[in-house]
Amino acid sequence: MSKPFRSLILSCCCLAVATAAAQTQPTVQAIGARKVEALTVRHPASCCVVVFEAGSRGTIDKWAGVLAAASRDATVFAYNRPGYGNSDIATTPRDGRTIVEELRQLLRHQGLRPPYVLVGHSLGGLYMQLFARAYPDEVKGVVLVDALYPGAIRPVADFPWTTRLAGRLLFSRTAWSEIEQIDATGREVLALPDIDNLPIVRLVNRPKAHPGKVPPIAVDFGVTTTDKETIERMRRLYPNAKTVMVDSDHQMQQATPEAVVQAIRDVLHLSPELLASARK
């Protein structure tokens, strides 16, 4: 092999590596009049798109360990909602329906067509439940990562006044606006038909005691519901879902990304019937 030819081959290899690396970095794109920071890694052999929705104040980087592994199985898409990272601050309401519609617009802009596997952490899990119920024909399945469920959080008006004050002082305007709409978003979810026919995996944080470590302490600040009827209704949601207890913390996608990746693979490759069988 001649030296010029070897140099050409080496240059092409370097370019391919550089291109692959660039594809794993978020970019800021104009979607109409707003700018959105997003990351897409395409898998040409997969027909599914795994869509990630972060929790309150969550950003793309929190999914890093999950994105890298999940991209081996399917196309992956993650983004920063308006007001997070390098995405423009929102000028639209921060209720779940608006957020879901903005996400669908963004997916269309990226040329990412259904079916989608929806992966939502915490508050993002509530948004993904709304997405799946509103557009079940677009959804392959759902992974709920220590997610919020309808009714889990009280209306903001029922928060202790100290919590409301601290929220307005310590949270960004965007984050607090989302929190103010959690109860309304939950009611939107419950108003739509169920999605028991879809594959659903629920990952629930259940930390174990470890020698030499202080066990985590849950802090409530008076925002979670104590109504027994509401709690029982949440327990009855998604009876066919596979529920996995994970020794982790609330930021499960960072603490135990392998559990999230396995749940995504379960949804990608298993039918609802097989998932229900696995649950048993």
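What counts and what doesn't
Residues numbered from 1 in each chain as written. Predicted model: local features only at pLDDT ≥ 70, side-chain atom pairs only at ≥ 80, totals over all residues. Heavy atoms only, no water. Helix = DSSP H or I, 4+ residues; strand = E, 2+ residues; numbered from the N terminus. Pairing = 2+ DSSP bridges. Axes fitted to C-alpha atoms, helices over the stretch in contact; angles between N-to-C directions. Contact = heavy atoms within 4.5 Å. 1 Å grid on protein atoms, 1.4 Å probe; cavity = no way out; pocket = protein on both sides within 12 Å on 5 of 7 lines; lining within 4 Å. Points joined across faces, edges and corners; volume = space filled by probe spheres on them. Nonpolar A, V, L, I, M, F, W, Y, C, P; charged D, E, K, R; others polar. Salt bridge = Lys/Arg side-chain N within 4 Å of Asp/Glu carboxyl O. Buried < 20%, exposed > 50% of the residue type's maximum accessible area, 1.4 Å probe, protein only.

**Student:** Help me understand unusual backbone geometry, please; the structure alone is not making it clear to me.
**Tutor:** Among all residues save glycine, negative phi is the norm, and among peptide bonds the norm is trans. In this model, P114 is joined to P115 through a cis peptide bond whose omega is 10°. Turning to its location among the elements, P115 is positioned in the loop between α3 (96-109) and β5 (116-121). Although it is not a glycine, S122 adopts a positive phi angle of roughly 55°. Relative to the helices and strands, S122 is located in the loop between β5 and α4 (123-134). One non-glycine residue with positive phi stands out, namely D146, at about 40°. Secondary-structure assignment places D146 in the loop between β6 (139-145) and α5 (161-170).

**Student:** Which parts of the structure should I look at to understand the sheet that holds strand β3 (residues 49-53)?
**Tutor:** Strand pairing in a sheet is mediated by backbone hydrogen bonds. Such pairs are either parallel or antiparallel. Judged by pairing direction, the sheet is mixed, and its eight strands sit side by side in the order β1-β2-β4-β3-β5-β6-β7-β8 without closing on themselves. Each end of this open sheet is capped by a strand with a single partner; those strands are β1 (27-31) and β8 (242-246). Ignoring strand direction, the axes of neighbouring strands in this sheet form an average angle of 25°. Where β6 and strand β7 (residues 200-205) come together, four bridges link them in parallel fashion. Its bridge partner lying in β7, V142 is registered against I200. Across the sheet, α4 lies against β3, β5 and β6, angled at about 150° from β5, the strand it touches most. Contacts from helix α10 (residues 257-269) reach β3, β5, β6, β7 and β8 within the one sheet, and its direction differs from that of β6 by about 160°.

**Student:** Even after reading the chapter, I still don't get empty space enclosed by the protein, so can you show me in this structure?
**Tutor:** If a probe as big as a water molecule is rolled over the atoms, it shows which places are left empty. The tally for this structure, following the rule as stated, stands at one cavity of 30 Å³ or more. For the largest cavity, the calculated volume is near 40 Å³. Surrounding the largest cavity, L126, Y149, P150, G151, A152, I153, I182, D183 and G186 form its lining. With three residues, the single largest contributor to the lining of the largest cavity is helix α7 (residues 182-190). Residues of the lining of the largest cavity, tallied by class, amount to six nonpolar, two polar and one charged.

**Student:** What am I meant to see in the pattern of salt bridges here?
**Tutor:** A side chain of one charge can pair with a side chain of the opposite charge if their charged atoms are brought near each other. In the structure shown here, the tally under the stated rule is 12 salt bridges. When the shortest N-O distance is used, the salt bridge between E101 and R104 registers 3.2 Å. Placement of the pair is E101 and R104 together in helix α3, with a separation of three residues, close to one helical turn. Since its relative accessible area comes to 13%, R104 is described here as buried. Its salt-bridge partner being R187, residue D183 comes within 3.1 Å of it at the nearest N-O pair. Of this pair, D183 and R187 both sit in helix α7, four residues apart, which is roughly one turn of the helix. Several salt bridges share partner residues, and in doing so they unite R97, E101, R104 and E138 into one network.

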